[in-house]
Amino acid sequence: DYGDISLKDIDQVAKSSFPLCMRHLFDKLKEDHHLKHGGRMQLGLFLKGVGLNLDDALAFWRAEFSKKVGLEKFEKQYAYTIRHNYGKEGKRTDYTPYSCTKIISSTPGTGDHHGCPYRHFSEENLRAALGTMGVNSRAMEDVIDKVRNRHYQLACTLTFEALHGMPCDAGINHPNQYFSDSKKILQ
Ligand code: SF4
């Protein structure tokens, strides 16, 4: 219901329409060719939600992970979870992408990259990440102000508005909603 994305568009779409939590996981995956379990779940279910089909999802994770752990280990150890997330293995549960509330209340440990950057990044790292996204300095101060008052979803909403030059009256309450609202504006 969020429209389909295909593998060839994914880098461009990640830059233009992923919320910071997913952009961060995406960039880390490309950088490290690896993500720990919490990150694989958070990003993997988001990608399912934006319409990446199972074959493309397998190709996407395989391309990165095989650079780090090799193809054989990827197939043995990681491919199952991806199929599982799509309800193709195990209990065939159809896993639902995580909401902001769930992500904000998660507790990432050392080496984890999941979670909500507005909640879990240091201010310094958050400023750097927002700068990379293209948030200007005036909007940046408004975002940081919301973060200091622990209004993480409002901070994300202000980021959305700064990057799209459009109001987001409903506010951001789900990463997949951020994505679909962005696509509506950009296409
Ligand atoms: Fe992601 Fe929600 Fe945090 Fe935005 S507020 S970065 S969409 S978890």
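The following paragraphs examine the structure supplied in this document. Starting afresh in each chain, residues are numbered from 1 along the sequence in its written order. Restriction of local features to residues with pLDDT of at least 70 applies here, the model being predicted, together with a cutoff of 80 or more for giving and counting side-chain atom pairs; totals for whole chains, interfaces and linings are based on all residues. By convention in this description, side-chain values take in all heavy atoms of the structure and omit both hydrogens and water.

**Examining empty space enclosed by the protein**
Grid spacing is 1 Å over the protein atoms alone, the probe is 1.4 Å, and a cavity is where that probe fits but cannot get out, while a pocket is an open set with protein on both sides within 12 Å along at least five of seven lines and lining residues have an atom within 4 Å of a point. Grid points are joined across faces, edges and corners, and a volume is the space filled by probe spheres set on the points. Tallied over the entire structure, the rule returns 3 cavities of 30 Å³ or more. Taken together, 14 residues make up the lining of the largest cavity; nearest its centre are Cys 21, Cys 100, Cys 116, Tyr 118 and Cys 156. Secondary structure is summarised from DSSP: a helix means a run of H or I of at least four residues, a strand means a run of E of at least two, and numbering begins at the N terminus for each. Broken down by secondary-structure element, the contributors of at least two residues to the lining of the largest cavity are α2 (20–32), α6 (100–104), α7 (117–120) and α10 (152–164). Basically, the charged four are Asp, Glu, Lys and Arg, the nonpolar ten are Ala, Val, Leu, Ile, Met, Phe, Trp, Tyr, Cys and Pro, and anything else, Gly included, counts as polar. Residues belonging to the lining of the largest cavity are distributed by class as follows: 13 nonpolar, 1 polar and no charged. Counted as a void, the second largest cavity has a volume near 60 Å³. Among the elements that take part in the lining of the second largest cavity, helix α5 (residues 71–85) stands out by supplying 4 residues, more than any other. Of the residues in the lining of the second largest cavity, the class split is 4 nonpolar, 3 polar and 1 charged.

**Some points on the site of the ligand**
By convention in this text, a residue qualifies as near a molecule or strand provided that one of its non-hydrogen atoms is within 4 Å of it. Pro 19, Cys 21, Cys 100, Ile 103, Cys 116, Pro 117, Tyr 118, Gln 153, Cys 156, Ile 172 and Pro 175 make up every residue found near the ligand. The set of elements that each furnish at least two residues to the shell around the ligand consists of α6, α7 and α10. Residues of the shell around the ligand, tallied by class, amount to 10 nonpolar, 1 polar and no charged.

**Overview of the environment of Asp 27**
With respect to the element layout, Asp 27 can be found in helix α2. As for Asp 27 and Cys 156, which are separated by 129 residues in sequence, their C-alpha atoms are 18 Å apart.

**Quick notes on the pattern of salt bridges**
Salt bridges, as used here, are contacts in which a Lys or Arg side-chain nitrogen is within 4 Å of a carboxyl oxygen on Asp or Glu. One pass over the full model with this rule turns up 12 salt bridges. Between Lys 30 and Asp 11 there is a salt bridge; the shortest N-O distance is 3.2 Å. Placement of the pair is Lys 30 in helix α2 and Asp 11 in helix α1 (residues 10–17), with a sequence separation of 19 residues. Each residue is placed in one exposure class: buried if its accessible area under a 1.4 Å probe, protein chains only, is under 20% of its type's maximum, exposed if it is over 50%, and partly exposed if it falls in between. Overall, Asp 11 belongs to the partly exposed group, its relative accessible area being 38%. Between Asp 181 and Lys 184 there is a salt bridge, with the nearest N and O atoms lying 3.5 Å from each other. Remark: Lys 184 and Asp 181 occur in helix α11 (residues 175–186); sequence separation between them is 3 residues, near one turn of the helix. The class for Asp 181 is buried, based on a relative accessible area of 17%. Taking the relative accessible area as the measure of exposure, Lys 184 reaches 58% and is therefore exposed. Sharing partners across several salt bridges, the network here consists of Asp 11, Lys 30, Glu 64 and Lys 67.

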